[in-house]
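An overview of the molecular structure
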Amino acid sequence: MASCSSVVRSAVSVFFEYDTPRIAHIRSKKVGLINRLIQLTILGYIIGYVIVYKKGYQETDKVQSAVTTKLKGIIFSNDSNIPSIGVRTWDVADYVVPPQESNAFFVMTNVVPTPTQTQKTCPEDPTVDDIQCDSDEYCERRKGIAFLKGSGPLTGKCVDSDFPKFNGTKVCEIYGWCPVENDDMLQSLKEPVLQDAGNFTVFIKNNIEFPKFGVSRRNLPENEDDAYLSRCNYNPESSRDKFCPIFKLNTIVQGAGIEFNQIAAEGGVMQILIDWNCNLDHSISDCVPSYSFRRLDKGDFKISRGFNFRYANQFGVAQPDGSFKLYRNLYKAYGVRFLVTVQGTAGKFSVVPLLLNVGSGLALLSVATIICDIVVLYVLKARHFYRDKKYLDIKGPDAFEVLKEDSECSDGDNTPGRKPTFTESGSVSATDASTSQVR
Amino acid sequence: MASCSSVVRSAVSVFFEYDTPRIAHIRSKKVGLINRLIQLTILGYIIGYVIVYKKGYQETDKVQSAVTTKLKGIIFSNDSNIPSIGVRTWDVADYVVPPQESNAFFVMTNVVPTPTQTQKTCPEDPTVDDIQCDSDEYCERRKGIAFLKGSGPLTGKCVDSDFPKFNGTKVCEIYGWCPVENDDMLQSLKEPVLQDAGNFTVFIKNNIEFPKFGVSRRNLPENEDDAYLSRCNYNPESSRDKFCPIFKLNTIVQGAGIEFNQIAAEGGVMQILIDWNCNLDHSISDCVPSYSFRRLDKGDFKISRGFNFRYANQFGVAQPDGSFKLYRNLYKAYGVRFLVTVQGTAGKFSVVPLLLNVGSGLALLSVATIICDIVVLYVLKARHFYRDKKYLDIKGPDAFEVLKEDSECSDGDNTPGRKPTFTESGSVSATDASTSQVR
Amino acid sequence: MASCSSVVRSAVSVFFEYDTPRIAHIRSKKVGLINRLIQLTILGYIIGYVIVYKKGYQETDKVQSAVTTKLKGIIFSNDSNIPSIGVRTWDVADYVVPPQESNAFFVMTNVVPTPTQTQKTCPEDPTVDDIQCDSDEYCERRKGIAFLKGSGPLTGKCVDSDFPKFNGTKVCEIYGWCPVENDDMLQSLKEPVLQDAGNFTVFIKNNIEFPKFGVSRRNLPENEDDAYLSRCNYNPESSRDKFCPIFKLNTIVQGAGIEFNQIAAEGGVMQILIDWNCNLDHSISDCVPSYSFRRLDKGDFKISRGFNFRYANQFGVAQPDGSFKLYRNLYKAYGVRFLVTVQGTAGKFSVVPLLLNVGSGLALLSVATIICDIVVLYVLKARHFYRDKKYLDIKGPDAFEVLKEDSECSDGDNTPGRKPTFTESGSVSATDASTSQVR
């Protein structure tokens, strides 16, 4: 009947039970202080750093963004001494190549044009390795070979160079786009052709979204009128203009700590960083972008410094016989490549991350107990006293023992009949343990 | 000899020991229920949410992807009233600018051509600020200045505008690409030049890889034949066509909840999202993409709405004297920019994340004990009774004490000779504590 | 007065207290071994895997990068049998389209040129579906229709095809860019036009930054001189050349396990992976990139295999009447698209991640105790004995009880006067519990 009641109780009582560890409450100035100090440090870290500073109570979402850019600006270059450039005006369609890109745009600041090239034979660039010759034999031996850095295969002839600076030099003739490009004009330029490109403005349209929170924003101040937006220029100092989405290239380059003319001659790569770090627990109108600028190529590459590339406009020219001959205008464009990087995260209160941070925080708290236990059990003079209190020594039936009768006990383990006995002895040895036997 | 045996034992026995906290097993309806409820909640969260729902047992890997796009479609535009467009056919090489991009493509829907511009002098666009004049002096004063939104530097002359709408208006003359662009034609268009671009199709080839798991997939249904793939069109409703990689632009735009003609006139930016969320514990053939579409520019920018840019084709024209004169065809292209974003993660069972989640889960369980302890020790009437059971009060040698003899003890701490004494007194005070002394 | 002293003590003593769980120290070979083994496994995992192998003691930062590429190489193609190509030299400005991109570049390996197209009427490509006709009626019925894969709207006339291979076939006439493109030349090519593009070299300039640590690096060996850098070619085998930033396209393609001529004919998409995995606890000079190569399009697409796209150069041709007629050179370019992906993380010692990893590690340790408790309390023969030691059974005033007097007690809960009584009985039942009463 007792067993019955026990069965009933154990079955139901499981819902009305509660296990809590038994605690040794030690009153000691030394340990107490150590304990509290460590606990305070950990609590401070969890609450102050993880929860408050790192916003451990927020669920976060990365920004999704679309960037389109629109450049404005006109430059008039009067380089009549350089026929390939001459007197002309440069507009957006001239200096933005390619006309549009994702999250990037290129602005030409300097250029080496080689107009109306066509496929025929002409003297190679004298600066190419091993190209200078004194007789046809030299070139004949290399006939048909196209040097990696040359302009075409050698025809085998040795002819006079058409480069003014190399007047009188003889070079091998090649077959390819002729005349070949000649960089010498760069020296005769007092300054980069589009030196003033720093005055161009770029309108950066940036629409972003935090999909998880269904929040969409754009880098356009809401409370401004069109008149302002068509006039304004970004200015980090001004509390109003620092939200203007129209940037002078000078401002961008200076924002990276350099002057435009430093980068204009050889070109380079700049990064425009748009940061959207939004706390959606606050007003949505506080979710505004902040801009920063960096130079990505440090401009100190030993070889092929800066940034330049070649592109060509091909066109056909009608011949008397009605056929068309292929011509092209080649441009070696130096300039600044701007990469627009949009980054940032939005945070909004959520119970899940909070629980997780609290959970791992509690785990840390146990560190305090561990350290103090070490102090109490191994460092302090009174360690044996504390150990007695903290530990209840239990000698199990198969305890590792050097004394005779215990080992018998463990054998007895297998014979149910003797169970009460070792339980007895066990409880006995336990009581002994707590008084003297331990250690 | 006892000490000797103890040394031996402690040395070896460390491998045969096991420490488990001593537990106060409280039988109480109130606390028991609270305890179980909290535990169930936490277990439910860990198992149900973290492990099962969030697949906490899986190791994950981000998708690596390559996207190439191929557009198809022809449009015939009969705008004979607008000479710059006229009667012509538009094909891929005309309306995709630039011809290829990474994860993006642009489709022109409307265009303002300005053919055969060349560098000379001509009247400026009358809509530019401060450009209208009544006499040469006005322009003379601004000679050489290139307005940011103008087309070139002023020559100083005041001439008649060549814009039909501004017949009779006098504007300053500029030097640059002439004639200057004139947007008026847009008004005379009944609809965007490439209004029907919505019927174009784009074949999106997407090869993805989950490097960590060595799994490669592509957005092409395996079990389909070429005939189907060259014919099919993506259709989210159809269970078969929703895996077809060929999309009508109309379908994409409508997928974002707008009509193509809304976006065709001024242009815009669309996003094509390809989601690869694969559970590699299931069959690999279930690892298929799902497509969704969004409009990224909300199209409500107050200034410079939509999306447009300018590009030009330059070409030389042979002159009687054998030289070449530089000309260009300028295009202001309005259109839709499509960004293809591939995202997704693959998950596969792994023991490491499982352990980590269980670990932090267990830490959370301690929350239950903490809450119940608060109830038991501070809320319940019987709190003092429970406290007696849970806590063993130990008065250490340096305990903080107001009574005379204890403070003596703590002094005694430093004299080894008296150690047994305070251990004694300590254990005594402890026993007292567990019966009456506490609180 | 005693209560007074208690108040004072409890107020101050809170700083000099320390709670540590009371432990049942079980000496048992079985359980002890199980316990130690599990603990060792977990410790091994935490220290060996989480802390050491996974560098759990490091704070990490993702790489920020800028990539610019510069191609070099000349090809001479002698296809005089194919007039549209003929005898010509190809250079960078010819085979890189568009001239520059972010983190990517395209190299043309094969091409189908269709020179000097203009807007007029001509026979459609006979391979277009349903285009072949025998009489004008057939085309008349489809007049004005522009087939999706055609070149323009039908004029309604049925004319002879101008495709040599389809000599004698009659097709409908279209209005559009004429003559229409004809792929047949591909068959008459013995090999891709730019077959030797594998010998081109690409100089990949990669500047990276780890913003969090303020570390900037670039993929250029510091200790090398310009002579070497202008000459060297990347070679994974050589300990010196494996840091050379100049790559032969052959090397890249072979690095992905394929031959260049396999990919040259139809084109494809390759990925150049630059890994920057830096341990900033070591010397900064060990922070160097490693390169790997993959083919992203597996090249086994059933339809539209490989990678190709169309682009055109438009130009005007002066007419006798002084007007300009629009012409274009159309190119169908086959080639290899190279995507440059820069990835990697830098790690630096930081105490915060270390603490977090230790914290979650400690949580895991409790797993050992849990498993052993199960063994001790439910598996072993001596489980009842151990349970007595581990648990102190406390019957609370509102314990779930079938016996009469207890239920009275819980009623008594509400009468303060009887409190001592139940506390008494409680402590009694507790002592009983620890000896015999439990279960």
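About the criteria used
- Residues numbered from 1 in each chain as written.
- Chains lettered and ligands numbered in written order.
- Predicted model: local features only at pLDDT ≥ 70, side-chain atom pairs only at ≥ 80, totals over all residues.
- Heavy atoms only, no water.
- Disulfide = S-S within 2.5 Å.
- Helix = DSSP H or I, 4+ residues; strand = E, 2+ residues; numbered from the N terminus.
- Polar contact = N/O pair within 3.5 Å; in protein donor to acceptor, adjacent residues only side chain to side chain.
- Contact = heavy atoms within 4.5 Å.
- Pairing = 2+ DSSP bridges.
- Phe/Tyr/Trp six-rings, centres within 6.5 Å; stacked < 30°, edge-to-face > 60°.
- Least-squares fit on C-alpha atoms with pLDDT ≥ 70 in both.
- Patch = residues over 30% accessible without salt bridge, like charges linked within 9 Å, V, L, I, M, F, W, Y side chains within 5 Å.
- Areas by Shrake-Rupley, 256 points an atom, 1.4 Å probe, with all protein chains shown as cover.
- Salt bridge = Lys/Arg side-chain N within 4 Å of Asp/Glu carboxyl O.
- Lys, Arg positive; Asp, Glu negative; His and termini not counted.
- Charge placed at Lys NZ, Arg CZ, Asp CG, Glu CD.
- Buried < 20%, exposed > 50% of the residue type's maximum accessible area, 1.4 Å probe, protein only.
- UniProt positions renumbered as here; feature names shortened; annotations may be inferred.
- Buried area = accessible area lost by both parts, 1.4 Å probe.
- Nonpolar A, V, L, I, M, F, W, Y, C, P; charged D, E, K, R; others polar.
- Axes fitted to C-alpha atoms, helices over the stretch in contact; angles between N-to-C directions.

Under the definition given, this model contains 15 disulfides over all chains. The disulfide bridge from cysteine 122 of chain A ends at cysteine 178 of chain A, spanning 1.9 Å between sulfur atoms. As the torsion about the S-S bond is roughly -75 degrees, the cysteine 122 of chain A-cysteine 178 of chain A disulfide counts as left-handed. Of the two residues, cysteine 122 of chain A sits in strand β7 (residues 104-123) while cysteine 178 of chain A sits in strand β9 (residues 170-178), which places them 56 residues apart along the sequence. Linked covalently through their sulfurs, cysteine 139 of chain B and cysteine 172 of chain B form a disulfide whose S-S length is 2.0 Å. Note on the cysteine 139 of chain B and cysteine 172 of chain B pair: the S-S dihedral is about -90 degrees, so by sign convention the disulfide is left-handed. Here cysteine 172 of chain B lies in strand β9 (residues 170-178) and cysteine 139 of chain B lies in helix α4 (residues 136-141), a separation of 33 residues in the sequence.

Moving on, we come to the side chain of lysine 390 of chain C. Looking at where lysine 390 of chain C falls in the secondary structure, it is placed in helix α10 (residues 383-390). At 2.6 Å, the side chain of lysine 390 of chain C forms a polar contact with the backbone oxygen of proline 21 of chain B. Not counting the four nearest positions on each side in its chain, lysine 390 of chain C is found in contact with Thr20, Pro21, Arg22 and Ile23 of chain B together with Asp373 and Leu377 of chain C.

Now for the sheet that holds strand β18 (residues 345-349) of chain B. All names here are of chain B. Reading across the sheet, the three strands line up as β3-β18-β14 and stay open at both edges, with mixed pairing between neighbours. If you trace the sheet from one side to the other, it starts and ends with β3 (58-62) and β14 (278-279), each paired once. One ladder, built from five bridges, connects β3 with β18; its direction is antiparallel. Directly across from aspartate 61, in β18, lies its bridge partner alanine 346.

Attention now moves to the packing of aromatic side chains. Here the structure, examined in full by the defined rule, presents 60 aromatic pairs over all chains. Pairing tyrosine 95 of chain A with phenylalanine 200 of chain A gives two aromatic rings, centres 4.2 Å apart and planes at 15 degrees, and the pair type is stacked. Taken together, the residues span a long stretch of sequence, with tyrosine 95 of chain A in helix α3 (residues 92-95) and phenylalanine 200 of chain A in the loop between α5 (185-188) and β10 (201-210) at a distance of 105 residues. Between tyrosine 234 of chain C and phenylalanine 247 of chain C the ring centres are 4.8 Å apart and the planes differ by 35 degrees, which places this aromatic pair in the tilted class.

At an RMSD of 0.1 Å, chain B and chain C line up after a rotation of 120 degrees and a shift of 0.0 Å along the axis. The superposition of one copy onto the other is thereby described by a three-fold rotation axis.

Residue and element names in this part refer to chain A. Where like charges cluster on the molecular surface, the negative patch consists of Asp134, Asp136, Glu137 and Glu140. With respect to the helices and strands, aspartate 134 occurs in the loop between β7 and α4 (136-141). Accessibility expressed as a relative area gives 62% for aspartate 134, which makes it exposed.

What follows covers the UniProt feature "glycosylation site" (unreviewed entry) in chain A. Summarizing the sequence annotation, UniProt attributes the feature "glycosylation site" (unreviewed entry) to Asn199 of chain A in the numbering used throughout. Tracing the backbone shows asparagine 199 of chain A in the loop between α5 and β10. In this structure asparagine 199 of chain A comes out as partly exposed when scored by relative accessible area, which is 39%. The contact partners of asparagine 199 of chain A, leaving out residues within four places of it in the chain, are Lys248 and Asn250 of chain A together with Leu148 of chain B.

Position of lysine 70 of chain A relative to the elements: it lies in strand β4 (residues 64-72). There is no salt bridge for the buried lysine 70 of chain A, and the closest opposite charge comes from glutamate 181 of chain B, which lies 8.2 Å off by N-O distance. A polar atom in the side chain of lysine 70 of chain A sits 2.5 Å from the side chain of asparagine 308 of chain B. In this structure, lysine 70 of chain A is in contact with Thr201, Val202 and Phe203 of chain A together with Asn308 and Arg310 of chain B, ignoring residues within four places of it in sequence.

Moving on, we get to the interface of chain B and chain C. Of the residues lining the interface, 78 residues belong to chain B; the matching set on chain C comes to 99 residues. Summed over both partners, the interface of chain B with chain C buries about 8,000 Å², with 58% contributed by carbon and sulfur atoms. Ranking the residues of chain B by area buried against chain C places Tyr18, Arg27 and Gln100 of chain B at the top, with a combined share of 11%. In this structure, the connection of chain B to chain C is made through five salt bridges. Ionic pairing is found between aspartate 393 of chain C and arginine 27 of chain B, a salt bridge with its closest N-O pair at 2.3 Å. Applying the counting rule to chain B against chain C returns 34 residue pairs in polar contact (both at pLDDT 80 or more). In the side of chain B that touches chain C, the residues fall into 34 nonpolar, 21 polar and 23 charged. Pairing between strand β2 (residues 23-27) of chain B and strand β19 (residues 391-395) of chain C: five bridges, direction parallel. If you follow isoleucine 26 of chain B over to β19 of chain C, its bridge partner there is isoleucine 394 of chain C.

So, on to the sheet that holds strand β1 (residues 17-21) of chain C. Strand order in the open sheet formed by three strands is β19(B)-β2(A)-β1(C), with mixed pairing between adjacent strands. Strand pairing shows two members of the sheet lacking a second neighbour, β19 (391-395) of chain B together with β1 of chain C, which therefore form its edges. Pairwise comparison of adjacent strand axes, ignoring direction, gives a mean angle of 25 degrees for this sheet. Against the sheet, helix α2 (residues 29-53) of chain A engages β2 (23-27) of chain A together with β1 of chain C, with an angle of about 80 degrees to β1 of chain C.

All names here are of chain A. Of all eleven residues making up strand β16 (residues 308-318), nine are buried, and the element is well covered by its neighbours. Here β16 pairs with strand β17 (residues 324-343) via eleven bridges, running antiparallel. Residue pairing in the sheet places tyrosine 311 in a bridge with tyrosine 331 of β17. Connecting β16 to the antiparallel partner β17 that follows it, the hairpin turn spans five residues, and glycine 322 within it adopts a positive phi of roughly 85 degrees.

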